[in-house]
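# Coordinate analysis (summary)
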Amino acid sequence: MSGLKELLKKGLGLGDMAFNAGGGAITWFPGHMAAATRAIRHRLKLADLVIEVRDARIPLSSANADLQPHLSAKRRVVALNKKDLANPNIMHKWTHYFETCNQNCVAINAHSKSSVKKLLEVVEFKLKEVICKEPTLLVMVVGVPNVGKSALINSIHQIAKSRFPVQEKMKRAAVGPLPGVTQDIAGFKIAHKPSIYVLDTPGVLVPSISDIETGLKLALAGSVKDSVVGEERIVQYLLAVLNTRGTPLHWKHLNNRRIDGIEYEAEENHEYSLKNLKPKRRNLPNRSDLVYVEVTSSIFL
Ligand SMILES: Nc1nc2c(ncn2[C@@H]2O[C@H](COP(=O)(O)OP(=O)(O)OP(=O)(O)O)[C@@H](O)[C@H]2O)c(=O)[nH]1
């Protein structure tokens, strides 16, 4: 792990990020990500199992394409995390999709112990064949930034602590709302006989996200910094998605805020084309037809 720190020192500066405003590739590949990607690839060779954490709201866009060949060659469980924020009506379709691809997949909420326990049951099942052969096992947790890897590890540790109360003290993994909190690979012992270590890894993206829509989804899910993509563009995309799906907005809420003294722009609404994200005018919807829906959930693919 000290090797990684050396790599970090040699790595590029944290400011190595760019966004092509013309609609091209999104690039957010700070120095620690380049170094971490190399370190993850190296350590994957030693891992007995990988938990690949993805965002349940964007199960395909939150995959790191560059790591896929390495991950699919390992015993892998895909954890679709933040299921509490995802559309429950399509969650089971995603788990079914992964099953049809012969890929173990569990939808979880990293903050819920019962949910993490279900994931651990699958992990244990997949490790069965090695458990009796090896004295020490290594489970790696990987994923793009901010998908909840550290939160998951903390929950795993809580569960392990209740099972093995005598084990040595472990420092909690740092959890944060912004991407890039974890910048080093850290190992935690979660079981003995056999000893099982879980490795938390920094969230890593591909060096360049060529598909603008994937980049926007990652930004909305918090895996790419807003400033890299541009706040206005993110909002335009969100509105485009909501409009395309006919998702009613919470006008009542907006009206209440106006009453609170907050000024909003002219009484007009825009329709956004997903292709160019340029607004086109259309008639105001009939407000009486609109009902409140939770905007933060169920909007992604
Ligand atoms: N609602 C919800 N929030 C979650 C869940 N899991 C994690 N979070 C939140 O998501 C944010 C990111 O979690 P982290 O565990 O720091 O994510 P990470 O993947 O380790 O992030 P990096 O260090 O950037 O790679 C934090 O605010 C967590 O509290 C979940 O299942 N549901």
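The rules behind the values
- One numbering rule holds for all chains: residues counted from 1, following each sequence as written.
- Under the rules for a predicted model, residues below a pLDDT of 70 receive no local features and side-chain atom pairs below 80 are neither given nor counted, while totals for whole chains, interfaces and linings still include all residues.
- Just so you know, side-chain values use all the structure's heavy atoms and leave hydrogens and water out.
- UniProt positions are given in the numbering used here, feature names are shortened, and annotations may be inferred rather than shown by experiment.
- Helix and strand definitions here come from DSSP, where helices need a minimum of 4 consecutive H or I residues and strands a minimum of 2 consecutive E residues; each element is numbered from the N-terminal end.
- When a residue's accessible area, from a 1.4 Å probe over protein chains only, is under 20% of the maximum for its type it is buried; when over 50% it is exposed; and in between it is partly exposed.
- Pairs of residues are marked as contacts when any of their non-hydrogen atoms sit within 4.5 Å.
- All accessibility values rest on the Shrake-Rupley procedure with a 1.4 Å probe; residue burial counts only the protein chains present in the view.
- The disulfide criterion used throughout: a pair of cysteine sulfur atoms within 2.5 Å.
- One side-chain nitrogen of Lys or Arg within 4 Å of one carboxyl oxygen of Asp or Glu is enough to make a salt bridge.
- Note on aromatic contacts: the rings of Phe and Tyr and the six-membered ring of Trp form a pair at centre separations within 6.5 Å, being stacked when their planes are under 30 degrees apart, edge-to-face when over 60 apart, and tilted otherwise.
- Only the stretch in contact is used when a helix axis is fitted, and all axes are lines through C-alpha atoms; the angle between N-to-C directions ranges over 0 to 180 degrees.
- An angle below 35 degrees is treated as roughly parallel, one above 145 as roughly antiparallel, one from 65 to 115 as roughly perpendicular, and anything else as oblique.
- Residues are sorted three ways: Asp, Glu, Lys and Arg are charged, Ala, Val, Leu, Ile, Met, Phe, Trp, Tyr, Cys and Pro are nonpolar, and all the rest, Gly among them, are polar.
- An automatic or database domain assignment provides the domain bounds reported here.
- Joining two parts hides part of their accessible area as seen by a 1.4 Å probe, and the buried area is that hidden amount summed over both.
- Whenever a nitrogen or oxygen atom comes within 3.5 Å of another N or O atom, the pair is scored as a polar contact, on the condition that within protein one atom can donate a hydrogen and the other can accept it, and that pairs from neighbouring residues in sequence are kept only if both atoms are in side chains.
- Only four residue types enter the charge count, namely Lys and Arg as positive and Asp and Glu as negative; His and the chain termini do not.
- The predictor attaches a confidence to each residue, called pLDDT, with possible values from 0 through 100.
- Only buried Ala, Val, Leu, Ile, Met, Phe, Trp, Tyr and Cys residues count toward a nonpolar core, and they belong to the same one when joined by side-chain atoms within 4.5 Å.

As recorded in an unreviewed UniProt entry, the chain goes by the name Mitochondrial GTPase 1, listed as coming from Glycine soja. The record in UniProt for the chain states the following under Subcellular location (unreviewed entry): "Mitochondrion inner membrane". Taken from UniProt, the Sequence similarities (unreviewed entry) comment for the chain reads in full: "Belongs to the TRAFAC class YlqF/YawG GTPase family. MTG1 subfamily."

Within the chain one finds ten helices and ten strands. When the 301 residues of the chain are sorted by exposure, 46% land in the buried category. Contacts in the chain between residues far apart in sequence, at least 24 positions, make up 71% of those at least 6 positions apart. In the form shown here, the chain has an accessible surface area of approximately 15800 Å², with 54% of it arising from carbon and sulfur atoms.

Quick look at the state of the cysteines now. A full pass over the atoms with the stated rule returns zero disulfides. Not part of a disulfide, Cys101 finds its nearest cysteine sulfur in Cys105, a span of 9.7 Å. Taking the relative accessible area as the measure of exposure, Cys101 reaches 41% and is therefore partly exposed.

Listed under "binding site: GTP" (unreviewed entry) in the UniProt record, and renumbered for this structure, are Asn81, Lys82, Lys83, Asp84 and Gly203. With respect to the helices and strands, Lys83 occurs in the loop between strand E4 (76-81) and helix H4 (88-100). Its location among the elements puts Gly203 in the loop between strand E8 (195-200) and helix H7 (212-220).

Our focus in this paragraph is the pattern of salt bridges. A full pass over the atoms with the stated rule returns four salt bridges. Notably, a salt bridge pairs Arg76 with Glu52, separated by 2.9 Å at the nearest N-O pair. One end of the pair, Arg76, is in strand E4; the other, Glu52, is in strand E3 (residues 49-55), and 24 residues separate them in sequence. One exposure class covers both Arg76 and Glu52, and it is buried. Among the charged side chains, a network of salt bridges with common partners joins Glu52, Arg54 and Arg76.

Another point: the packing of aromatic side chains. How two aromatic rings sit relative to each other is given by the distance of their centres and the angle of their planes. Summed over the entire model, instances satisfying the criterion amount to two aromatic pairs. Both rings, one in Trp94 and one in Tyr97, keep their centres 5.6 Å apart while their planes meet at 85°; by these two values the pair is edge-to-face. On the criterion of helical spacing, the pair formed by Trp94 and Tyr97 is a turn pair, its members being three residues apart in helix H4. Note on Tyr97: relative accessible area 36%, which makes it partly exposed. Centre to centre, the rings of Tyr97 and Phe98 are 5.2 Å apart; their planes meet at 80°, and the pair counts as edge-to-face. Clustering of aromatic rings is evident, with ring pairs tying together Trp94, Tyr97 and Phe98.

So, about the packing of H7 against helix H9 (residues 231-244). Between H7 and H9, the shortest axis-to-axis distance is 10 Å and the interhelical angle comes to 100°. Taken together, the axis directions place H7 and H9 in an arrangement best described as roughly perpendicular. Counted together, Ile212, Glu213, Leu216, Lys217, Ala219 and Leu220 of H7 and Arg233, Ile234, Tyr237 and Leu238 of H9 form the full contact between these two elements. Grouping the constituent residues of the contact of H7 with H9 by class yields seven nonpolar, no polar and three charged.

One can read the domain layout of the chain as domain 1 (31-199) and domain 2 (212-251). Of the residues lining the interface, ten residues belong to domain 1; the matching set on domain 2 comes to eight residues. Taken together, the two surfaces of domain 1 and domain 2 that pack against each other cover about 690 Å², and 57% of this comes from carbon and sulfur. At the junction of domain 1 with domain 2, the criterion picks out zero salt bridges. At the junction of domain 1 and domain 2, the tally comes to two residue pairs in polar contact (both at pLDDT 80 or more). Of the residues contributing to the side of domain 1 that touches domain 2, the split by class is five nonpolar, three polar and two charged.

What follows covers the side chain of Lys149. Mapped onto the fold, Lys149 is located in helix H6 (residues 149-163). For Lys149, which is buried and forms no salt bridge, the nearest opposite charge comes from Asp200, at a distance of 6.0 Å.

This next bit is on the confidence of the model for the chain. With 66% of its residues at a pLDDT of 70 or more, the chain shows a mean pLDDT of 76. The model gives residues 1-22 a pLDDT under 50, and that stretch makes 42 contacts with residues more than four places away or in other chains. The ipTM assigned to the predicted complex is 0.99, against a pTM of 0.75.

With 61 residues, the main nonpolar core has Ile51, Leu119, Leu152 and Val224 as its most contacted residues. Of the domains in this structure, domain 1 (31-199) and domain 2 (212-251) are the two that each give at least three residues to this core. Apart from residues no more than four positions distant in its own chain, Leu119 is found in contact with Ile51, Val77, Ala79, Val106, Ile108 and Leu152.

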